[in-house]
Amino acid sequence: MEAAEFLQYVIAGLKSGSIYALVALGFTVVYGSTGIINFAQGEFFMLGGVLTVWFYGLGLPVPIAGLAAVATTAALGILFERFALRKQRSAGPLVLVIITIGGSMVMKSLARHLFGPDELSLPEFTPGPSIDIAGAAVERQALWVWGLTIVAVVVLWWLYRKTRLGRAMRACSISHDAARLMGIDTARIVMVSFGIAAALGALAGFAVTPLTQTSWDAGAAIGVKGFAAAILGGLGNPVASVVGGLVLGLLESLSVAFISSTYKDAISLAVLLIVLFARPQGLFGSARREKV
Amino acid sequence: MGAELRIDGLCAGYGRVDVLRDVTLRVDAGEMVTLIGSNGAGKSTLLKAVAGLLRPAAGTVTLGGVPITGMAPERIVRQRLALVPEGRMLFGPLTVDENLLIGAHSRPARDAGVAADLERVRMLFPMLAERGAQISATLSGGEQQMLAVGRALMSGPEVLLLDEPSLGLAPRVIAAIFEALDTLRSEGLSILLVEQDAHLALRHADRGYVMRNGAIALEGPADKLRDDEQVRHAYLGGRPETRE
């Protein structure tokens, strides 16, 4: 294989890897503050794309439509937590996880009902020919995907490290009881986490729709991949989730290059199983900590 | 700065298991009161019920005359009552400074008192000033306990509850912590101290309560309790106080 061809596969891997990273971050943020896996995370991705197309159809320019879609999805994430999950918090993690599965089905069905069963597409943010990098072609939209991923990661880092809210979120991820003794309203933190997770998922859906199109059922597949990426990184650590996403994207892309495209979608499942069997704390995790 | 804490007829438990039975206890403003008793007597349960981590089944808790019974812990800390919990419950992966800042979460971000209290805590435990950037889980047990006390003080409490602050620590460290508690009391803070080391607790406190099977069995001034035959027999190892 020539260097340029190899580079082409690497670029493709990093492109889908960025999307997985954003979705994985959504899993991580919710897991951090609640200790549960939110199986509706993939639907936030779907809503981001589908709602952008809908807002765009109303005549809004693409960036505004995307912003509106991200904001709407974040609001839906908050409402989902507030009205579907909060009252059941005392029922334990299993019940909550099952509610997220139910929520995912409801969101999917509503999307199909409201936006139709067909594939939806969106123009590229900045249409134009691909850019040549060392013989490999990079779509302009891929640059947007990377750019938005970087912005999201930096904002999230700043939020966690530098703000009062972020400190409260980290306190919450360590112990709810201790956080409450400090005066942190943990119920509110959980709600905010769902909003952030939904926004991250929606941002991914918005950024990638011009490349892949989207539809009401786009959430399930990306949910599995984002989950695999989050597990690979060792749930609970945002930086590791991003690396997990990029590694998964590269693995998929290189498997197409060296094995066969037939197995591309099986890679994430294989990764998920191998990590869970062999290294449940993920690539970067140390000993598994007990969630209270 | 201290406020009065009154606990009247408090009953609480876990699920169907009753632990506390009709507990009545008070801490006057600026007083240090200790609650002693054997393991499983219900001392920690009482502190949890007062701080809001456990909802009492009956009875009342008032703080400076304001009822706080059954309030959520995040609201109780805003009423100026802080708990240094059993096992410390530090935010282990976070730094010392971050733990202290989170301790002040219940106060407005621009509260000038926060900076003043940070200074005060660092004066009280100079180690916390030197180790600000250290991950708190890597501190020694005694340092962690100091951080736990410092973190609780960052909420600007009028009443401080402590759950076995001496547990598992070396005598030298225990002395440092109790010296700090004496200082806080002399500054007017009201303190309710749960201890398994009855000698130590009765030496520092003004008054004491003895808990047995979830109820108050005895109460009185600390020096009277130290001399009490029953207390001496049951909790002080049956010998007159010789350790100092």
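Conventions adopted
- Residues numbered from 1 in each chain as written.
- Chains lettered and ligands numbered in written order.
- Predicted model: local features only at pLDDT ≥ 70, side-chain atom pairs only at ≥ 80, totals over all residues.
- Heavy atoms only, no water.
- Helix = DSSP H or I, 4+ residues; strand = E, 2+ residues; numbered from the N terminus.
- Rg over C-alpha atoms; globule rule 2.2 N^0.38 Å.
- Buried < 20%, exposed > 50% of the residue type's maximum accessible area, 1.4 Å probe, protein only.
- Contact = heavy atoms within 4.5 Å.
- Areas by Shrake-Rupley, 256 points an atom, 1.4 Å probe, with all protein chains shown as cover.
- Lys, Arg positive; Asp, Glu negative; His and termini not counted.
- Charge placed at Lys NZ, Arg CZ, Asp CG, Glu CD.
- Buried area = accessible area lost by both parts, 1.4 Å probe.
- Salt bridge = Lys/Arg side-chain N within 4 Å of Asp/Glu carboxyl O.
- Polar contact = N/O pair within 3.5 Å; in protein donor to acceptor, adjacent residues only side chain to side chain.
- Nonpolar A, V, L, I, M, F, W, Y, C, P; charged D, E, K, R; others polar.
- Expected span 1.5 Å × (residues − 1).
- 1 Å grid on protein atoms, 1.4 Å probe; cavity = no way out; pocket = protein on both sides within 12 Å on 5 of 7 lines; lining within 4 Å.
- Points joined across faces, edges and corners; volume = space filled by probe spheres on them.
- Pairing = 2+ DSSP bridges.
- Axes fitted to C-alpha atoms, helices over the stretch in contact; angles between N-to-C directions.
- pLDDT = per-residue confidence, 0-100.

Chemist: Is there a simple way to explain the overall build of chain A in this structure?
Modeler: Within chain A one finds 11 helices and 2 strands. Its C-alpha atoms give chain A a radius of gyration of 19 Å, within 12% of the compact-globule value 19 Å for 292 residues. Reported as C-alpha extents along the three principal axes, the dimensions of chain A are approximately 60 × 45 × 35 Å. Taken across its 292 residues, chain A has 51% of its residues classed as buried. Excluding contacts between residues fewer than 6 apart, the proportion of contacts in chain A whose partners are at least 24 apart in sequence is 74%. For chain A, the computed accessible surface area is about 13,000 Å², with 68% contributed by carbon and sulfur atoms. Treating the 21 positive side-chain charges of chain A as one cloud and the 15 negative ones as another, the clouds have centres 16 Å apart.

Chemist: Whenever I open this one, the overall build of chain B confuses me. Can you help?
Modeler: Across its full length, chain B carries 10 helices and 10 strands. Across the 244 residues in chain B, those meeting the buried criterion constitute 55%. Of the contacts made within chain B by residues no fewer than 6 positions apart, 69% connect residues no fewer than 24 positions apart. Side-chain charges in chain B split into 27 positive and 31 negative, and the spacing between the mean points of these groups amounts to 4 Å.

Chemist: Please clarify how the interface of chain B and chain A should be interpreted in this entry.
Modeler: As a measure of interface size, the accessible area lost when the parts come together is often cited. Tallying the contact residues gives 25 residues for chain B and 17 residues for chain A. Interface area for chain B against chain A, summed over the two sides, is near 1,800 Å², with a carbon-plus-sulfur share of 67%. Of all residues in chain B, Glu74, Phe91 and His105 of chain B bury the most surface against chain A, accounting for 33% of the area lost on that side. Our enumeration of links across chain B and chain A arrives at 2 salt bridges. Here Glu74 of chain B and Arg180 of chain A are joined by a salt bridge, their closest N and O atoms 2.8 Å apart. Taken together, the connections running from chain B to chain A amount to 6 residue pairs in polar contact (both at pLDDT 80 or more). Within the residue set of the side of chain B that touches chain A, elements represented by two or more residues are α2 (73–76) and α3 (96–103) of chain B. Broken down by element, the residue count for the side of chain B that touches chain A peaks at 4 residues, all from α3 of chain B. Partitioning the side of chain B that touches chain A into residue classes produces 16 nonpolar, 4 polar and 5 charged.

Chemist: Teacher, can you tell me more about helix α9 (residues 219–233) of chain A here?
Modeler: Because an α-helix completes one turn every 3.6 residues, residues spaced three or four positions apart along the sequence face the same direction. Residues and elements named next belong to chain A. An ideal rise of 1.5 Å per residue puts 21 Å on 15 residues; α9 measures up with 21 Å between its terminal C-alpha atoms. All buried positions along α9 are accounted for by Gly219, Ile222, Gly223, Lys225, Gly226, Phe227, Ala228, Ala229, Ala230, Ile231, Leu232 and Gly233. Buried positions along α9 lie against α1 (3–34), α2 (41–57), α10 (238–258) and α11 (264–278). Just downstream of α9, Gly234 is the residue with a positive phi angle, here 90 degrees.

Chemist: Can you help me understand the side chain of Glu143 of chain B in this one?
Modeler: Note that Glu143 of chain B resides in helix α6 (residues 141–153). Residue Glu143 of chain B is classed as buried on the basis of its relative accessible area, which comes to 16%.

Chemist: Help me understand the layout of surface pockets in this model?
Modeler: In this approach a probe as big as a water molecule rolls over the atoms, and the regions it shows empty are the leftover space. Residue and element names in this part refer to chain A. Each pocket or cavity is described by its volume, and for the second largest pocket that value is around 630 Å³. Lining the second largest pocket are 30 residues; nearest its centre among them are Ser16, Tyr20, Val208, Thr212 and Lys264. Breaking the lining of the second largest pocket down by element, the ones donating at least two residues are α1, β2 (136–138), α8 (186–212), α9, α10 and α11. It is α1 that contributes the most residues to the lining of the second largest pocket, 8 residues altogether. Residue composition of the lining of the second largest pocket, by class: 12 nonpolar, 10 polar and 8 charged.

Chemist: Sorry if this is basic, but what is going on with the pairing of strand β6 (residues 81–84) of chain B here?
Modeler: A regular strand places its side chains so that they alternate between the two faces of the sheet. Residue and element names in this part refer to chain B. A two-sided burial pattern is seen for β6, the buried positions comprising Leu81 and Leu83 on one face and Ala82 and Val84 on the other. Bridge count for β6 against strand β7 (residues 159–163) is 4 bridges, and the pairing is parallel. Paired with Val84 across the two strands is Leu162, which belongs to β7.

Chemist: In this structure, what is going on with the sheet that holds strand β8 (residues 190–195) of chain B? I would like to understand it.
Modeler: Across a sheet, paired strands are connected by hydrogen bonds in the backbone, their directions being either parallel or antiparallel. Residue and element names in this part refer to chain B. Spatial ordering of the open sheet is given by β6-β7-β8-β3-β9-β10, a layout of 6 strands whose pairing is mixed. Two strands bound the open sheet, and with one partner strand each, they are β6 and β10 (215–221). Put simply, the sheet's adjacent strands are angled 15 degrees from each other on average, direction ignored. In the sheet, strand β9 (residues 207–212) pairs with β10 via 6 bridges, with the strands oriented antiparallel. Considered in β10, the bridge of Gly208 is made with Gly220.

Chemist: Got a minute to help me understand the pattern of salt bridges in this structure?
Modeler: Side chains carrying opposite charge are able to pair once their charged atoms draw close together. Residues and elements named next belong to chain B. For the coordinates displayed, the defined rule picks out 18 salt bridges over all chains. The shortest N-O distance in the salt bridge between Arg6 and Glu4 comes to 3.3 Å. Residue Arg6 is classed as partly exposed on the basis of its relative accessible area, which comes to 34%. Taken together, the shared-partner salt bridges connect Arg107, Asp111, Asp117, Arg120 and Glu187 into one network.

Chemist: Please explain the environment of Lys87 of chain A as it appears in this structure.
Modeler: Along the chain, the position of Lys87 of chain A falls in the loop between α3 (62–85) and α4 (93–115). Put simply, Lys87 of chain A and Gly66 of chain A are 21 residues apart on the chain and 32 Å apart in space, counted from C-alpha to C-alpha.

Chemist: Is there a simple way to explain the confidence of the model for chain A in this structure?
Modeler: One rule of thumb: low pLDDT means the predicted coordinates there are not for detailed reading. Here chain A shows a mean pLDDT of 92. Residues at 70 or above account for 97%. The low-confidence segment residues 287–292 of chain A (pLDDT under 50) makes 9 contacts with residues lying over four places distant or belonging to another chain.

Chemist: I would appreciate a short explanation of the pairing of strand β2 (residues 17–27) of chain B in the present structure.
Modeler: For strand β1 (residues 5–14) of chain B and β2 of chain B, the ladder comprises 7 bridges, and the chain directions are antiparallel. Bridge assignment links Leu10 of chain B to a residue of β2 of chain B, and that residue is Val23 of chain B.

Chemist: So what exactly am I meant to see when it comes to unusual backbone geometry here?
Modeler: Residue and element names in this part refer to chain B. Positive phi, close to 75 degrees, is recorded for Arg88, a residue that is not glycine. Residues other than glycine seldom take positive phi values, yet Glu164 does so here, at roughly 50 degrees. Position of Glu164 relative to the elements: it lies in the loop between β7 and α7 (171–186). Classification of Glu164 by relative accessible area gives buried; the value is 11%.

Chemist: Would you explain empty space enclosed by the protein in this entry?
Modeler: Enumeration over the complete set of coordinates arrives at 2 cavities of 30 Å³ or more. Volume-wise, the largest cavity comes out at about 40 Å³. Leu181 of chain A together with Ala51, Pro73, Ile76, Val77, Leu81, Ala82 and Leu83 of chain B together form the lining of the largest cavity. Only α2 and β6 of chain B provide two or more residues apiece to the lining of the largest cavity.

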